Amino acid sequence: MEPCMSANSRKIDVLHCDEKGKQVRAEETVCEFSLQLFVNNRKITTLRCSPDNLEALTTGFLASEGIIRGKEEIRELAIDEESGIAAVMTTRDCVENRETAPEEMQPAMHLTREQFLSLCRRFQESSVLHRATNAAHSAALCRPGEIVVFAEDIGRHNAVDRAIGGCILKGLSPVGM
């Protein structure tokens, strides 16, 4: 069996049994990584996730949980992949004072049928890990005619958090996308 290291998938030998008999085949499978998240030296949670782009996942998780409002509130973000630790220092004691999302949302994006179908095609084309393993979730934040950020992960919520975090790290607001 190949190690995962920083890849999102690896090949493993799988025994297939059917009416024709038994056969061992190499199949692509997702990798799982355990990431302990510390904010201002306090452990917040442990995420079971895909092992890549952990900075976007960490940032998106913090934003989704109301721990940060934006990139400017992160003083330091360090990922130690060997020990599976993400250490974040913020500009305020935000763990105790989490903010909830605003109740009033911006108007929905309006797309033509062609724009919608084009985004669906691009989304499916971008879902490489899902196609290879049938065991990953995908998420994207879009504007009419473009996918701004795309993410995949073993967990649905993680994929969404990665997309949000990717947007924030690019200096964009995920609200309204």
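All of the points below concern the structure found in this document. Computed from a predicted model, the values in this text were never measured in an experiment.

**A look at helix 4 (residues 156-169)**
An ideal rise of 1.5 Å per residue puts 20 Å on 14 residues; helix 4 measures up with 20 Å between its terminal C-alpha atoms. Taken together, the buried positions of helix 4 are occupied by Asn158, Ala159, Asp161, Arg162, Ala163, Ile164, Gly165, Gly166, Cys167 and Ile168. Buried residues belonging to helix 4 abut strand 4 (42-49), helix 1 (54-64), strand 7 (137-143) and strand 8 (146-153). Among the residues trailing helix 4, Gly171 stands out with phi positive, at a value near 80°.

**Here we look at the packing of aromatic side chains**
Summed over the entire model, instances satisfying the criterion amount to one aromatic pair. Summarising the aromatic geometry, the rings of Phe123 and Phe150 are spaced 5.5 Å apart at their centres and angled 70° between planes, so their arrangement reads as edge-to-face. Of the two residues, Phe123 sits in helix 2 (residues 113-126) while Phe150 sits in strand 8, which places them 27 residues apart along the sequence. Relative accessible area serves as the criterion here: at 25%, Phe150 is assigned to the partly exposed category.

**A closer look at the side chain of Asn158**
Here Asn158 shows up in helix 4. Residue Asn158 is classed as buried on the basis of its relative accessible area, which comes to 9%. Look past the residues within four positions of Asn158 in its chain and what remains in contact with it is Leu47, Arg48, Cys49, Leu57 and Asp153.

Here is what the cut-offs are and how they apply
- Residues numbered from 1 in each chain as written.
- Predicted model: local features only at pLDDT ≥ 70, side-chain atom pairs only at ≥ 80, totals over all residues.
- Heavy atoms only, no water.
- Helix = DSSP H or I, 4+ residues; strand = E, 2+ residues; numbered from the N terminus.
- Expected span 1.5 Å × (residues − 1).
- Buried < 20%, exposed > 50% of the residue type's maximum accessible area, 1.4 Å probe, protein only.
- Contact = heavy atoms within 4.5 Å.
- Phe/Tyr/Trp six-rings, centres within 6.5 Å; stacked < 30°, edge-to-face > 60°.

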